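Here is how the chains run, residue by residue.
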Amino acid sequence: MWEDLVRKAKDGGLDVIDTYVFWNGHEPLQGEFYFEGRYDLVRFIKTVHKQGLYVNLRIGPYICGEWNIGLRINMDQKLRNLGKLVKHT
């Protein structure tokens, strides 16, 4: 899944792969963890390492502007303490 993209990044002259860790993908429900398929973080890091590149992990739960208000919100999920959320510009 990632091998071709990582190789292309290396061929393009990169030496670091920067990636977010969308924690709500790894813990879709509180206390239930998922690290398989596209969420296999260890496999991703090993894939990058095999190409001789570094990994810069950007661990959530807040993910800047890439996701709505920095969080992934599913219709079946409820945000707790939404009133405490303050948006800074």
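Quick caveat: nothing in here was measured; it's all calculated off a predicted structure.

A. Expanded view of the side chain of His26. When you line up the elements, His26 lands in helix H2 (residues 23-26). Judged by its relative accessible area of 4%, His26 falls in the buried class. If we skip the residues at most four places from it in the chain, His26 touches Val21, Glu32, Phe33, Tyr34, Phe35, Tyr39 and Leu41.

B. Looking closely at the nonpolar core. By size, the foremost hydrophobic cluster in this structure holds 7 residues: Trp2, Val6, Ala9, Ile17, Phe44, Val48 and Leu53. When residues no more than four places from it in sequence are discounted, the contact partners of Leu53 are Val6, Lys10, Leu14, Asp15, Ile17 and Val48.

C. Broad picture of the environment of Arg58. Of note, Arg58 is situated in strand E2 (residues 54-59). The exposure class of Arg58 is partly exposed, given its relative accessible area of 33%. Each C-alpha atom of the pair Arg58 and Phe22 lies 8.7 Å from the other, and the pair is 36 residues apart in sequence.

D. A look at the side chain of Thr47. Secondary-structure assignment places Thr47 in helix H3 (residues 41-50). Thr47 gets classed as buried once you look at its relative accessible area, which sits at 9%. There is a polar contact of 2.8 Å between the side chain of Thr47 and the backbone oxygen of Arg43. Ignoring sequence-local partners within four residues, the contact set of Thr47 consists of Trp2, Glu3 and Val6.

Cut-offs used in this document
Residues numbered from 1 in each chain as written. Predicted model: local features only at pLDDT ≥ 70, side-chain atom pairs only at ≥ 80, totals over all residues. Heavy atoms only, no water. Helix = DSSP H or I, 4+ residues; strand = E, 2+ residues; numbered from the N terminus. Buried < 20%, exposed > 50% of the residue type's maximum accessible area, 1.4 Å probe, protein only. Contact = heavy atoms within 4.5 Å. Core = buried A, V, L, I, M, F, W, Y, C linked by side-chain atoms within 4.5 Å. Polar contact = N/O pair within 3.5 Å; in protein donor to acceptor, adjacent residues only side chain to side chain.

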